[in-house]
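# A closer look at the structure
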Amino acid sequence: MRSRLGCSWRRNASVLVWTPVLLLGPLLDLHGSVGEVVLQATLIVVIAASAALAAITGGPPWRDPRPYLALTTLVAATCAGATYASSQWLPVWVLLANALAAVLRGRWLVLAIPVVAAASMWAAWAVTPHQSSRMLAEGFVVLLAGAANAAFVALLDTVAELKRTRAELARAAVAQERERFSRDLHDLLGHTLSVMVVKAQAVRRLAGRDPDAAAEHAADIEQIGRQALVDVRQAVDAMRTPTLAEELDGARRALGAAGIATTVDDSVAPPAAADEVLAWVVREGATNVLRHSGASACRITLADVGGRIALSIADDGVGAPSGPSSRTGGLEGLRGRVVSAGGALVVDPGDEGFRLVATVPGGGS
């Protein structure tokens, strides 16, 4: 509440600034008996207090009843002051027109400003009945004051809304970047660690009967580990851009090391715009085959289907990974990558294996 009031008085500062200036005339025009002077002074105090309350409490989110009560009181006090046949009270109508934008908005504000201008013209005519120019001048000044303050307040509201929108966009950008980094890290390390686990298992199996082969796999683990460090550094620097050729070669070698017979048909060359996203598809697909399939054979096919590039990864294993994952990355993260590139991802688990098909626009699309 305190923060909202702080924004309100800044938004409606013009009302607070002009209140003492516009009430100076009535204050210097106190006249009549003691009772009349007291009544006039009371009206001035009520006008000042209601204008200040409207300025301090009026504005978004427009749910506080106090500014509406203050504006109603200001209207009543202004009309009461008009009963004194003195031109010194006419500036109070300018104050009322200024205060309208602090409380009202939209069609109500558009309607209220000319109504107040017309009422001020009536008050001016009551003071100087034979001076139509004075009446017209009073109406013009009040109308101009109300319209100018309404435009100024609308500009302030627009600036405040833009600031809130900018802050929201900044938060959304941070969340999107965190999601991207989490997805990249999952896709980078998930595949690499899976390959290292497979090769470590091979080392354990071969250590006793074939030390040379075990040493070769151990050297591969070291090389893959070093490459993983490079990949992580590049991912942190947002520089990691895998290529389809590298990922196809890596998938062939990793699946082969796990004893999975792998066939790669990459006779179709995808456009440069689709190369990266298809590289991520190969990486994630090969990782799932290594981790979950239990397959003995895998086929990776790249084909042109109706002007679109289709990448298919099919195995003869147990089907889809068991259990849904709530983590960013995996198949859901991969689906987001493919969709953002204008493509589609189809997951086809079955009794005879698992099939992953990613379709992206071709070079002619």
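Residues numbered from 1 in each chain as written. Predicted model: local features only at pLDDT ≥ 70, side-chain atom pairs only at ≥ 80, totals over all residues. Heavy atoms only, no water.

Now for the nonpolar core. Ile47, Trp93 and Leu100 are the most contacted members of the largest nonpolar core, which has 41 residues in total. Considering every element that reaches this core, the biggest residue donor is helix α6 (residues 91-103), with 11 residues. Apart from residues no more than four positions distant in its own chain, Trp93 is found in contact with Thr78, Cys79, Ala82, Val116, Ala119, Ser120, Ala123, Glu138 and Val142. Counting 32 residues, the second largest nonpolar core, distinct from the first, contains Val264, Leu290, Cys298 and Leu356. (Core = buried A, V, L, I, M, F, W, Y, C linked by side-chain atoms within 4.5 Å. Buried < 20%, exposed > 50% of the residue type's maximum accessible area, 1.4 Å probe, protein only. Helix = DSSP H or I, 4+ residues; strand = E, 2+ residues; numbered from the N terminus. Contact = heavy atoms within 4.5 Å.)

Sheet topology note: the strand β1 (residues 261-265)/strand β2 (residues 297-305) ladder contains five bridges and is parallel. For Ala261, the partnering residue across the bridge sits in β2 and is Ala297. When β2 meets strand β3 (residues 308-315), the two strands line up antiparallel, connected through eight bridges. Of the residues in β3, the one forming a bridge with Arg299 is Ala314. Adjacent in sequence and paired antiparallel, β2 and β3 are bridged by two residues, among which Gly306 carries a positive phi angle near 60°. (Pairing = 2+ DSSP bridges.)

Here we take up the pattern of salt bridges. Inspection of the entire model under this criterion finds nine salt bridges. Notably, a salt bridge pairs Arg283 with Glu247, separated by 2.9 Å at the nearest N-O pair. Residue Arg283 is found in helix α11 (residues 272-293), and its partner Glu247 is found in helix α10 (residues 244-257); the two are separated by 36 residues along the sequence. Residue Glu247 is classed as buried on the basis of its relative accessible area of 5%. Overlapping salt bridges, with partners in common, bring together Asp249, Arg252 and Arg253 in one network. (Salt bridge = Lys/Arg side-chain N within 4 Å of Asp/Glu carboxyl O.)

Our next topic: the environment of Gly353. Assignment of secondary structure puts Gly353 in strand β5 (residues 353-361). Sequence separation of Gly353 and Ala295 is 58 residues, and the distance between their C-alpha atoms is 7.8 Å.

Attention shifts here to the layout of surface pockets. By volume, the largest pocket amounts to about 510 Å³. Taken together, the elements giving at least two residues each to the lining of the largest pocket come down to α8 (132-206), α9 (211-236) and α10. Across the lining of the largest pocket, the residue classes tally to four nonpolar, five polar and nine charged. (1 Å grid on protein atoms, 1.4 Å probe; cavity = no way out; pocket = protein on both sides within 12 Å on 5 of 7 lines; lining within 4 Å. Points joined across faces, edges and corners; volume = space filled by probe spheres on them. Nonpolar A, V, L, I, M, F, W, Y, C, P; charged D, E, K, R; others polar.)

In this structure, Arg11 sits in helix α1 (residues 2-11). Residue Arg11 is classed as buried on the basis of its relative accessible area, which comes to 8%. At a separation of 2.9 Å, a polar atom in the side chain of Arg11 contacts the side chain of Asn12. Discounting residues that sit within four places of it in the chain, Arg11 has contacts with Gly58, Gly59, Pro60, Trp62, Ala101, Ala102, Val153, Leu156 and Asp157. (Polar contact = N/O pair within 3.5 Å; in protein donor to acceptor, adjacent residues only side chain to side chain.)

It is worth spelling out the side chain of Lys199 at this point. For Lys199, the location among the structural elements is in helix α8. In terms of polar contacts, Lys199 uses its side chain to reach the side chain of Asp220, at 3.0 Å. Those residues in contact with Lys199, other than ones at most four positions away along the chain, are His217, Asp220, Ile221, Ile224 and Ala257.

What follows concerns the packing of helix α4 (residues 34-57) against α6. The contact between α4 and α6 brings their axes to 9 Å, and the two run at 25°. Taken as axis vectors, α4 and α6 run roughly parallel relative to one another. Judged by the twist between their axes, the crossing of α4 over α6 is left-handed. Taken together, the residues of α6 that come into contact with α4 (itself represented by Ile47, Ala51, Ala54 and Ala55) are Val92, Leu95, Ala102 and Val103. Here the residues of the contact of α4 with α6 sort into eight nonpolar, no polar and no charged. (Axes fitted to C-alpha atoms, helices over the stretch in contact; angles between N-to-C directions. Parallel < 35°, antiparallel > 145°, perpendicular 65-115°, else oblique. Left-handed = near helix turned anticlockwise from the far one by under 90°.)

As for its position among the elements, Val116 is in helix α7 (residues 106-127). In contact with Val116, not counting residues within four places along its chain, are Trp93, Leu96, Ala97, Leu100 and Val142.

For the rest of this paragraph, the subject is the packing of aromatic side chains. Enumeration according to the criterion identifies zero aromatic pairs in this entry. Lying over the aromatic face of Trp280, Arg337 brings its terminal NZ or CZ to 4.1 Å of the ring centre. (Phe/Tyr/Trp six-rings, centres within 6.5 Å; stacked < 30°, edge-to-face > 60°. Lys NZ or Arg CZ within 6 Å of the ring centre and 35° of its normal.)

This part is about the confidence of the model for the protein chain. With 91% of its residues at a pLDDT of 70 or more, the protein chain shows a mean pLDDT of 84. Mean pLDDT values over the elements of the protein chain span from 64, in α1, up to 94, in α6. (pLDDT = per-residue confidence, 0-100.)

What helix α2 (residues 13-22) keeps buried is the set Ser14, Val15, Thr19 and Leu22. Taken down its axis, α2 places every buried residue within 135° of arc, on the same side. Exposed side of α2, more than 90 degrees from the buried face: Val17 and Pro20 are the residues found there. (Arc of directions from axis to C-beta.)

The next point concerns the sheet that holds β3. In any sheet, the strands associate via hydrogen bonds between backbone groups, in a parallel or an antiparallel arrangement. An order of β1-β2-β3-β5-β4 is seen for the five strands of this open sheet, with the pairing classed as mixed. Only two strands of the sheet have a single neighbouring strand rather than two, namely β1 and β4 (344-350). Adjacent strand axes in the sheet meet at a mean angle of 10°, parallel and antiparallel pairs treated alike. Across seven bridges, β4 lies against β5 in antiparallel orientation. The residue of β5 that forms the bridge with Pro349 is Phe354. Its contacts with the sheet put α11 on β2, β3 and β5, and the angle it makes with β3 is roughly 10°. Packed onto the sheet, helix α12 (residues 330-340) meets β4 and β5 and runs at close to 145° relative to β4.

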